[in-house]
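Below, each chain spelled out in residue letters.
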Amino acid sequence: MGSVAERSKALDLGSSLSGGVGLVSVLMVFVWLGENQVSPLRPICDLRVLDHFVREARDSEVIMRGCRGGCGVMKSYFVPLTSVDFAVWEHTDVHGQAVEVQTGLSLLDQALNNAMKTVSNSPLASVLENNISNIHSLGQILHSLDLQQARSTVLPDDSVPASAQTQEVSSLPELLQVQSSFLRGKVRLLLSAAPACQRQNS
């Protein structure tokens, strides 16, 4: 088995080459999210973009589990719950769902940023930075769906209090596992049912 750096490079190459459709979808996000938008953002409803981010989180988890040096320190990170009570979810309006998803993304963003500060291995830091970028892109996708009135309620530092919607993890692999599960679960549910996407598909 190769070094972490070699595996990280292989992941980068594999992510770039696997599934041309996935890569094109991700590139389309940045075309649609141009910095100088003067017209309303076009709703981004293609779930292949989300699937690409899920794959990258899973690949990152594998790399972190194989890390042998400079892998960060053990500490607690507040992250969102990933389990979905469908009876409750389906009776929550879309703005309430969006608040929960945006708050979860903010928690993941905080946790990944705090984790990256403890990592001295440069390839691993790059892996975390890429996942942070993906979280920010998802925030922009939510913005394109006109759900911005649903604001995150996360505090601006790592002093997030425990609540019914949060849990604690103590390692980077666990953090990345939560990230991929959250994207596959609540984020996918929200994007699939977003009114803007329903109108676009009708």
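Residues numbered from 1 in each chain as written. Predicted model: local features only at pLDDT ≥ 70, side-chain atom pairs only at ≥ 80, totals over all residues. Heavy atoms only, no water.

Engineer: Hey, could you run me through the overall build of the protein in this one?
Structural biologist: A tally of regular secondary structure across the protein gives 8 helices and 2 strands. Moving toward the C terminus, one meets the helices and strands of the protein in the order α-α-α-β-α-α-α-β-α-α. For the protein, the proportion of its 202 residues judged to be buried stands at 43%. About 10500 Å² of surface is accessible on the protein, with carbon and sulfur atoms providing 55% of the total. (Helix = DSSP H or I, 4+ residues; strand = E, 2+ residues; numbered from the N terminus. Buried < 20%, exposed > 50% of the residue type's maximum accessible area, 1.4 Å probe, protein only. Areas by Shrake-Rupley, 256 points an atom, 1.4 Å probe, with all protein chains shown as cover.)

Engineer: Before we go on, may I ask you to explain the packing of helix 3 (residues 47-65) against helix 7 (residues 172-193) in this structure?
Structural biologist: For any two helices packed against each other, one specifies the crossing angle of their axes together with the interaxial distance. Interaxial distance between helix 3 and helix 7 falls to 8 Å at its minimum, and their mutual angle equals 170 degrees. Judged on the interaxial angle alone, helix 7 and helix 3 are roughly antiparallel. The residues of helix 7 that touch helix 3, namely those facing Leu47, Leu50, Asp51, Phe53, Val54, Ala57, Arg58, Ser60, Glu61, Met64 and Arg65, are Leu172, Pro173, Leu176, Gln177, Gln179, Ser180, Leu183, Arg184, Val187, Arg188, Leu191 and Ser192. Considered class by class, the residues forming the contact of helix 3 with helix 7 number 12 nonpolar, 5 polar and 6 charged. (Axes fitted to C-alpha atoms, helices over the stretch in contact; angles between N-to-C directions. Parallel < 35°, antiparallel > 145°, perpendicular 65-115°, else oblique. Contact = heavy atoms within 4.5 Å. Nonpolar A, V, L, I, M, F, W, Y, C, P; charged D, E, K, R; others polar.)

Engineer: Sorry if this is basic, but what is going on with the state of the cysteines here?
Structural biologist: By definition, a disulfide links the sulfur atoms of two cysteine residues through a covalent bond. Throughout the structure, instances matching the rule amount to 2 disulfides. Covalent S-S linkage joins cysteine 45 and cysteine 197, the inter-sulfur distance amounting to 2.0 Å. Its S-S torsion of about -95 degrees marks the bond between cysteine 45 and cysteine 197 as left-handed, since a negative value means left-handed. Of this pair, cysteine 45 sits in the loop between helix 2 (20-32) and helix 3 while cysteine 197 sits in helix 8 (residues 195-201), placing them 152 residues apart in sequence. The exposure class of cysteine 197 is buried, given its relative accessible area of 1%. Each bonded cysteine in the protein gets a number by its place in the sequence, and the pairs come out as 1-4, 2-3. (Disulfide = S-S within 2.5 Å.)

Engineer: Even after reading the chapter, I still don't get the environment of glycine 185, so can you show me in this structure?
Structural biologist: Structurally, glycine 185 is set in helix 7. Residue classification places glycine 185 among the buried residues on the basis of a relative accessible area of 15%. Remark: the alpha-carbon pair of glycine 185 and serine 83, spanning 102 residues in sequence, is separated by 7.7 Å.

Engineer: Could you clarify how one ought to interpret helix 7 in this entry?
Structural biologist: One turn of the α-helix equals 3.6 residues, which is why residues spaced by three or four share an orientation. Relative to the 32 Å expected for 22 residues at 1.5 Å per residue, helix 7 spans 31 Å between its end C-alpha atoms, a close match to the ideal helical length. In the structure, helix 7 departs most strongly from a straight axis at valine 187, where the bend amounts to approximately 35 degrees. (Expected span 1.5 Å × (residues − 1). Bend = angle between axes of the 7 residues up to and from the residue.)

Engineer: Can you walk me through the environment of glutamate 56 in this structure?
Structural biologist: Take glutamate 56: it is sitting in helix 3. Residue classification places glutamate 56 among the buried positions, given a relative accessible area of 12%. The sequence separation of glutamate 56 and asparagine 134 amounts to 78 residues, and the corresponding C-alpha distance is 9.0 Å. Polar contacts involving the side chain of glutamate 56 include one to the side chain of asparagine 130, which spans 2.6 Å. (Polar contact = N/O pair within 3.5 Å; in protein donor to acceptor, adjacent residues only side chain to side chain.)

Engineer: Looking at this structure, I do not really get the confidence of the model for the protein. What am I missing?
Structural biologist: Reading predicted coordinates in detail is not appropriate for stretches of low pLDDT. Averaged over every residue, the pLDDT of the protein is 77; the share at 70 or more is 68%. Of the regions scoring below 50 in pLDDT, residues 1-28 engages in 31 contacts with residues more than four places distant in sequence or in other chains. Under a pLDDT of 50 for its full length, residues 30-40 has, in the predicted model, 9 contacts with residues more than four places off or in other chains. (pLDDT = per-residue confidence, 0-100.)

Engineer: I keep staring at the pattern of salt bridges and nothing clicks. Help me out?
Structural biologist: Counted according to the given criterion, the structure contains 4 salt bridges. Arginine 48 serves as the salt-bridge partner of aspartate 46, at 2.6 Å between the closest nitrogen and oxygen. For arginine 48, a relative accessible area of 41% puts it in the partly exposed group. Across the pair glutamate 100 and lysine 186 runs a salt bridge, and its minimum N-O distance is 2.5 Å. With glutamate 100 in helix 5 (residues 94-116) and lysine 186 in helix 7, this pair connects stretches of sequence that are 86 residues apart. Take glutamate 100: its relative accessible area is 23%, and that puts it in the partly exposed class. Accessibility expressed as a relative area gives 3% for lysine 186, which makes it buried. (Salt bridge = Lys/Arg side-chain N within 4 Å of Asp/Glu carboxyl O.)

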